[in-house]
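Remarks on the overall topology
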Amino acid sequence: MFTGGGSKRGRTAGLGVIGAAVLAIALAGCASGTQSGADPSTTAPGESGDAVGVVGVWGDADAQNTPSLVFAEDGTVTGSDGCNRLMGSWTADGDTVEFAPLASTRMACEGVDTWLSGGASGTWTDTSLVVLDDSGTEIGTLERSE
């Protein structure tokens, strides 16, 4: 049983004001968007204005048993190591892209080199993405598809 003072109507009105304030704050956050003028397709999540042309498809995402990565504008990365599905997030600085630890399915595929599942970062040009492992060693290259 509620034992606070005041009328029920007063408490209800106070909750309405609080609710309206919370809604106004939430909407203000949504309206802020990307106000730096940066094009989100060329800016890494969490960055402001760094040109990141990494967004797109690297490797042949439609081919079976071949590695590929898809970098989305929202900061997610998905793909395949040729056998297992990969998923995670990315950030970029200049021509370097860092993958958050990539989650992977764990299927066994005979005769498929799953080198891409060991990727931690990469450097890219307009045509290729050189994938590096945790120690910074080159483990493979993907060509841009789109």
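Every chain's residues receive numbers from 1 upward, in the order its sequence appears when written. Where local features are concerned, this predicted model is filtered to residues with pLDDT of at least 70; where side-chain atom pairs are given and counted, the filter is 80 or more; whole-chain, interface and lining totals use all residues. Values shown for side chains rest on all heavy atoms present in the structure; no hydrogens or waters enter the calculation.

Only buried residues count toward a nonpolar core. Its members are Ala, Val, Leu, Ile, Met, Phe, Trp, Tyr and Cys residues joined through side-chain atoms within 4.5 Å. Buried means the residue's accessible area, taken with a 1.4 Å probe over protein chains only, is under 20% of the maximum for its type, while exposed means over 50%, and partly exposed covers the values in between. Leu69, Phe71, Val97 and Leu129 are the most contacted members of the largest nonpolar core, which has 17 residues in total. Put simply, DSSP marks the helices as runs of H or I at least four residues long and the strands as runs of E at least two long, and each gets a number from the N terminus on. Those elements that provide at least two residues to this core are β2 (67-71), β4 (85-93), β5 (96-99) and β8 (128-132). If we skip the residues at most four places from it in the chain, Val97 touches Val54, Phe71, Trp90, Thr91, Ala92, Ser121, Gly122 and Leu129. Contact criterion: two residues are considered in contact whenever any of their non-hydrogen atoms come within 4.5 Å of each other.

Take the state of the cysteines next. Any two cysteine sulfur atoms lying within 2.5 Å of each other are counted as a disulfide. A full pass over the atoms with the stated rule returns one disulfide. Across the disulfide, Cys83 is cross-linked to Cys109 (sulfur-sulfur distance 1.8 Å). Its torsion about the S-S bond being 70°, the disulfide of Cys83 and Cys109 is classed as right-handed. With Cys83 in the loop between β3 (76-81) and β4 and Cys109 in the loop between β6 (103-104) and β7 (121-124), the pair connects residues that are 26 residues apart, well separated along the chain. Classification of Cys83 by relative accessible area gives buried; the value is 10%.

Looking now at the side chain of Ser128. Within the secondary structure, Ser128 sits in strand β8. Of the residues examined, Ser128 reaches a relative accessible area of 15% and is grouped as buried. The residues contacting Ser128, other than those within four sequence positions of it, are Trp58, Thr123, Thr141, Leu142 and Glu143.

Turning our attention to the packing of aromatic side chains. Between the rings of Phe, Tyr and Trp (Trp by its six-membered ring), a pair exists once the centres lie within 6.5 Å; its type follows the angle of the planes, with under 30 degrees stacked, over 60 edge-to-face, and the other angles tilted. Here the structure, examined in full by the defined rule, presents two aromatic pairs. Ring geometry for Phe71 versus Trp90: centroids 5.9 Å apart, planes at 85°, classification edge-to-face. With Phe71 in strand β2 and Trp90 in strand β4, this residue pair connects regions lying 19 residues apart in the sequence. On the basis of relative accessibility, which here comes to 1%, the residue Phe71 falls in the buried class. We classify Trp90 as buried; its relative accessible area is 2%. Each residue in the set Phe71, Trp90 and Phe99 is aromatic and connected to the rest through ring pairs, giving one cluster.

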